[in-house]
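Architecture and fold: a report
One letter stands for each residue in the lines below.
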Amino acid sequence: MNYYYLFNVILKIIINMNINKLLTIVVPCKNEEEYIGRTLSNINNQNNINNTIIYIADGNSTDNTLNIIDNFKTNLDNNLDIRVIKGGSVSIGRNNGLKLVETPYVLFIDADTILEYDNMITEYLNCMVIGDLYLMTSKLYCNVNDRYAKIMFNTFNVMNKLL
């Protein structure tokens, strides 16, 4: 019997049942009313995501961002444990969220990010646990019609492949 294979199958079953025990998500944001609802909905639609803690580190938004987050938190379809914390710049927001994380893994995701498919977090978490990885990235897609942003996303993806 291949015990390594059996171990991996059992581990995948455990991960699929307990993402919220393994992963916390940190989302830095400031004035993201155009994107934050879509991003939260996209995370909420991930498989096995129930009760996963999401720290949204708000950098004093002056638009409708916080209202959108509050509305999402009270939505009957919400499967997430959303907690708004004090943010600042992107790096300060990530650091503030990281200070509160109690799970072995953390996913930093920007407020305008869309995950490509509904099993993405589960698959990446499986890779992290099975591969004993400390850091992982993926291909990124640009969701805005900003030429500069598209160039930056494409540059990141090329560099990610080369390294």
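Look up: the structure comes first, before these words.
Just so it is clear, the model here is predicted, and its values are computed rather than measured.

Conventions we followed
- Residues numbered from 1 in each chain as written.
- Predicted model: local features only at pLDDT ≥ 70, side-chain atom pairs only at ≥ 80, totals over all residues.
- Heavy atoms only, no water.
- Core = buried A, V, L, I, M, F, W, Y, C linked by side-chain atoms within 4.5 Å.
- Buried < 20%, exposed > 50% of the residue type's maximum accessible area, 1.4 Å probe, protein only.
- Helix = DSSP H or I, 4+ residues; strand = E, 2+ residues; numbered from the N terminus.
- Salt bridge = Lys/Arg side-chain N within 4 Å of Asp/Glu carboxyl O.
- Pairing = 2+ DSSP bridges.
- Axes fitted to C-alpha atoms, helices over the stretch in contact; angles between N-to-C directions.
- Contact = heavy atoms within 4.5 Å.

Some thoughts on the nonpolar core
I25, V27, L40, I43, I54 and I56 are the most contacted members of the largest nonpolar core, which has 24 residues in total. Those elements giving two or more residues to this core turn out to be α2 (19–22), β1 (23–29), α3 (36–44), β2 (53–58), α4 (65–73) and α6 (120–130). If you look at the next biggest cluster of nonpolar residues, it comprises 6 residues, including V26, A57, I85 and V101.

Regarding the pattern of salt bridges
Considering all chains together, one arrives at 2 salt bridges under this definition. Its salt-bridge partner being R83, residue D81 comes within 2.7 Å of it at the nearest N-O pair. Classification of D81 as partly exposed rests on a relative accessible area of 26%. For R94, the salt bridge identified is with D110, shortest N-O distance 2.7 Å. Of this pair, R94 sits in helix α5 (residues 90–100) while D110 sits in the loop between β4 (105–108) and α6, and the two are 16 residues apart along the sequence. Taking relative accessible area as the criterion, R94 reaches 27% and is therefore assigned partly exposed. Take D110: its relative accessible area is 32%, and that puts it in the partly exposed class.

Some thoughts on the sheet that holds strand β3 (residues 81–86)
The 4 strands are arranged β3-β2-β1-β4 in an open sheet whose pairing can be described as parallel. The strands lining the two open edges of the sheet, one partner per strand, are β3 and β4. Each adjacent strand pair in this sheet contributes to an overall mean axis angle of 25°, direction not counted. Direction of pairing for β2 relative to β3: parallel, over a ladder of 6 bridges. Within β3, the position partnered with I53 by the bridge is D81. Each of β1, β2 and β3 is contacted by α4, which is oriented at about 155° to β3, the strand it contacts most.

Comments concerning unusual backbone geometry
Notably, N31 is not glycine yet its phi reads approximately 55°, a positive angle. Take N31: it is sitting in the loop between β1 and α3. Of the residues examined, N31 reaches a relative accessible area of 34% and is grouped as partly exposed. With a phi close to 60°, N48 is a non-glycine residue in the positive phi region. Along the chain, N48 turns up in the loop between α3 and β2. For N48, a relative accessible area of 33% corresponds to the partly exposed category.

What is shown is where atoms sit, not what they do.
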